[in-house]
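# Coordinate analysis (summary)
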Amino acid sequence: MPEQPYEPEGAIAGTGMGGAMDLGASEATTLERAPGGPPGAGPAGKPRSLWSDAWRDLRRNPVFLLSALVILFLVFISLWPSAIASGSPLGCDLAKSQDGPGPGAPFGYDGQGCNVYTRTVYGARTSVTVGVLATLGVAVLGSVLGGLAGYFGGWWDALLSRVTDIFFAIPVVLGGLVLLSVVTSNTVWPVIGFMVLLGWPQISRIARGSVITARQHDYVQAARALGASDSRILLRHIAPNAVAPVIVVATIALGTYISLEATLSYLGVGLKPPSVSWGIDISAASPYIRNAPHALLWPSGALAVTVLAFIMLGDAVRDALDPKLR
């Protein structure tokens, strides 16, 4: 009987977090036993992917649901702040300086007579924008550099390791004070660029370690033996099975970047008036903490809830994607 040709796409595939299975390389699946069916069959007799398993676990996790609801609300008010806040965040009346809550101003007024509620709502747009864009930039740059270093090794890996050591030695807040103090732009882009510049080494090391682990699996060796190119191996076999740790770290880091933007704005080197930012409002309200504590309480509380929501989301995603915690 003539031998059947060996198809690369039907070769050994990774499970997504280590190990291998005799499945299509593009599926990268984990299996479960169907009720009344043979082991390894899903509910409909089909293999189920790691991502579908993770999504099933996330939907049952109250921490994920709570944090996701908070984040969705923040995204909503970032896109349409006027839906829940009337007036302009820059409209101030000194006659109402430090006044307490009243009609149209449930959070009261700050030292400049600005509506604290309106500024708190509009401040979410800046924080979410900076956090999301900085995280995307860090994740893309760090994943590409770390993935290439982990896959090819050699002098490129050694060079990247030494460069990351240099960046890790730079204190983040001190670096922001030095670099952003010479920037005159009043937009979010210098702040985002600074975060990407100092944030990519962490993601790079995570991606490097994941790629080094993934490239040693049998399905990668089989693809290489069958003549697959480096780009195909990286994109089709290694990247889908090495991206989970990067997603977890990036999700947790998003809250950190929001906090960092507020810290830099509080110190006067991040965003500057007339921009609306929780860090700016916290800095402006600090001198009046005894006479008008409400002006400090609400933007500080919004910042704390936002950062906590993203950290909780990252923890939930980590638990869902880590097979050791199943």
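Our subject in this report is the structure included herewith. Just so it is clear, the model here is predicted, and its values are computed rather than measured.

Glancing now at the state of the cysteines. Using the criterion set out here, one finds 1 disulfide in the structure. The partner cysteine of C92 in its disulfide is C114, sulfur to sulfur 1.7 Å. Taking the sign of the torsion about the S-S bond as the criterion, the disulfide between C92 and C114, at about 85°, is right-handed. Of this pair, C92 sits in the loop between α2 (62-79) and α3 (116-152) while C114 sits in the loop between α2 and α3; the two residues are 22 residues apart in sequence, bridging distant segments of the chain. Judged by relative accessible area, C114 falls into the buried class, the value being 5%.

So, on to unusual backbone geometry. Cis rather than trans, the peptide bond between P273 and P274 has omega equal to 10°. Structurally, P274 is set in the loop between α8 (230-266) and α9 (278-285). The phi dihedral of Q98 falls on the positive side, at around 65°, and the residue is not glycine. Relative to the assigned elements, Q98 resides in the loop between α2 and α3.

One pass over the full model with this rule turns up 7 aromatic pairs. Ring centres of F76 and W80 lie 5.6 Å apart, and the angle between their planes is 50°; this geometry places the pair in the tilted category. Overall, F76 belongs to the partly exposed group, its relative accessible area being 34%. Note on F167 and W200: the rings are 5.5 Å apart at their centroids and 65° apart in plane angle, and the pair reads as edge-to-face. Taken as a pair, F167 in helix α4 (residues 154-168) and W200 in helix α6 (residues 189-214) lie far apart in primary sequence, 33 residues in all. Here the aromatic cluster, defined as three or more aromatic residues joined through ring pairs, consists of F107, Y117 and W298.

Residue placement: V249 occurs in helix α8. The spatial distance from the C-alpha of V249 to the C-alpha of V317 is 9.6 Å, given a sequence separation of 68 residues. With residues near it in sequence (within four places) discarded, V249 still touches Q202, I203 and I206.

With that settled, the discussion passes to the nonpolar core. With 35 residues, the main nonpolar core has F64, L74, I258, W278, L303 and L321 as its most contacted residues. Elements with a contribution of two residues or more to this core: α1 (50-59), α2, α3, α8, α9 and α10 (294-321). Take this core: its biggest share by element is 12 residues, from α10. In contact with L303, other than residues within four places in its own chain, are I258, S259, A262, W278 and I282. By size, the runner-up hydrophobic cluster in this structure holds 24 residues, among which are M195, V196, L198 and I203.

What follows deals with a nonpolar patch on the surface. Together, V172, V173, L174, L177, V178, L179, L197, Y266 and L267 make up a nonpolar patch on the protein surface, roughly 710 Å² of accessible area in all. Of the residues forming the nonpolar patch, the biggest block, 6 residues, is contributed by helix α5 (residues 172-180). By relative accessible area, V172 is classed as partly exposed at 36%.

The terminal C-alpha atoms of α2 lie 26 Å apart, and with 18 residues this matches the ideal 26 Å at 1.5 Å per residue to within 8%. By the N-cap criterion, in which a side-chain oxygen at the helix start approaches the backbone nitrogen of a residue two or three places on, α2 is capped by N61, the distance to V63 being 3.0 Å.

Glancing now at the packing of α4 against α6. Interaxial distance between α4 and α6 falls to 9 Å at its minimum, and their mutual angle equals 135°. Classed by the angle they form, the pair α4 and α6 counts as oblique. Considering only the axes of α4 and α6, their crossing is left-handed. Contacts between α4 and α6 involve D157, L160, S161, V163, T164, D165, F167 and F168 on the former and, on the latter, L197, L198, W200, P201, Q202, S204, R205 and R208. In the contact of α4 with α6, the residues fall into 8 nonpolar, 4 polar and 4 charged.

Rules of the game
Residues numbered from 1 in each chain as written. Predicted model: local features only at pLDDT ≥ 70, side-chain atom pairs only at ≥ 80, totals over all residues. Heavy atoms only, no water. Disulfide = S-S within 2.5 Å. Helix = DSSP H or I, 4+ residues; strand = E, 2+ residues; numbered from the N terminus. Buried < 20%, exposed > 50% of the residue type's maximum accessible area, 1.4 Å probe, protein only. Phe/Tyr/Trp six-rings, centres within 6.5 Å; stacked < 30°, edge-to-face > 60°. Contact = heavy atoms within 4.5 Å. Core = buried A, V, L, I, M, F, W, Y, C linked by side-chain atoms within 4.5 Å. Patch = residues over 30% accessible without salt bridge, like charges linked within 9 Å, V, L, I, M, F, W, Y side chains within 5 Å. Areas by Shrake-Rupley, 256 points an atom, 1.4 Å probe, with all protein chains shown as cover. Salt bridge = Lys/Arg side-chain N within 4 Å of Asp/Glu carboxyl O. Expected span 1.5 Å × (residues − 1). Polar contact = N/O pair within 3.5 Å; in protein donor to acceptor, adjacent residues only side chain to side chain. Axes fitted to C-alpha atoms, helices over the stretch in contact; angles between N-to-C directions. Parallel < 35°, antiparallel > 145°, perpendicular 65-115°, else oblique. Left-handed = near helix turned anticlockwise from the far one by under 90°. Nonpolar A, V, L, I, M, F, W, Y, C, P; charged D, E, K, R; others polar.

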